[in-house]
Amino acid sequence: VKSGELKAILTRWTMVQSVVPQASESVEALSASTASTVLDEAVALDFVEGDRALLGELVTMCAAQWPTMLAHLQMAVVSNDAQAVYVAAHTLKGQIGHLGAKATFEVVRGLEMMGRQGNLVGAPAALDELKNELARLRTALSRLNLEIGA
């Protein structure tokens, strides 16, 4: 087991452990807890200087681009094109970083580094992890968008 893979596994495991409900927790509390581990709302709001409407627009615009970005990453990984992995991951990383999504950011940063270093051995697993993190992020952002619209 490589140290980077072990760190990613431990990070995922500790995040899962942190959101296991206690008997007294409600579903709503668990949902809010999960969202806060996926998304740092304060970071996202700071980026747009507290403008919730602008954040809502930014979230909608960014999330609409993720399927295309993932498709580019998938093609680059399958074709073993390290430069294309680097470019696609770097672009996605910029969006994710502004949203305060630390776990997603770290996964995409790992893909970016693999591309930069020209070593895509761990890229398929990282791409799968990125897909999972983006799904979690999309859920958290949907919840945030509902709160913004309220």
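Everything below is about the structure shown above.
Throughout what follows, the structure given in this document is the object of discussion.

Parameters at a glance
Residues numbered from 1 in each chain as written. Predicted model: local features only at pLDDT ≥ 70, side-chain atom pairs only at ≥ 80, totals over all residues. Heavy atoms only, no water. Helix = DSSP H or I, 4+ residues; strand = E, 2+ residues; numbered from the N terminus. Buried < 20%, exposed > 50% of the residue type's maximum accessible area, 1.4 Å probe, protein only. Contact = heavy atoms within 4.5 Å. Areas by Shrake-Rupley, 256 points an atom, 1.4 Å probe, with all protein chains shown as cover. Expected span 1.5 Å × (residues − 1).

### Things to note about the overall build of the chain
- Within the chain, the secondary structure is distributed over seven helices and zero strands.
- Relative to its full complement of 150 residues, the chain shows a buried share of 35%.
- Long-range contacts, defined as pairs at least 24 residues apart, comprise 66% of the intrachain contacts of the chain with a sequence gap of at least 6.
- Surface summary for the chain: the accessible area is close to 8600 Å², and the carbon and sulfur share equals 60%.

### A look at helix α6 (residues 102–117)
- End to end, α6 covers 22 Å across 16 residues, agreeing with the expected 22 Å (1.5 Å per residue, within 8%).
- Within α6, burial applies to Ala-103, Thr-104, Val-107, Val-108, Leu-111, Glu-112, Met-114 and Gly-115.
- Gly-118, located one to two residues past α6, shows a positive phi value of around 75 degrees.

### A short note on the side chain of Glu-133
- Take Glu-133: it is sitting in helix α7 (residues 123–149).
- For Glu-133, a relative accessible area of 4% gives the class buried.
- Those residues in contact with Glu-133, other than ones at most four positions away along the chain, are Ala-103, Thr-104 and Val-107.

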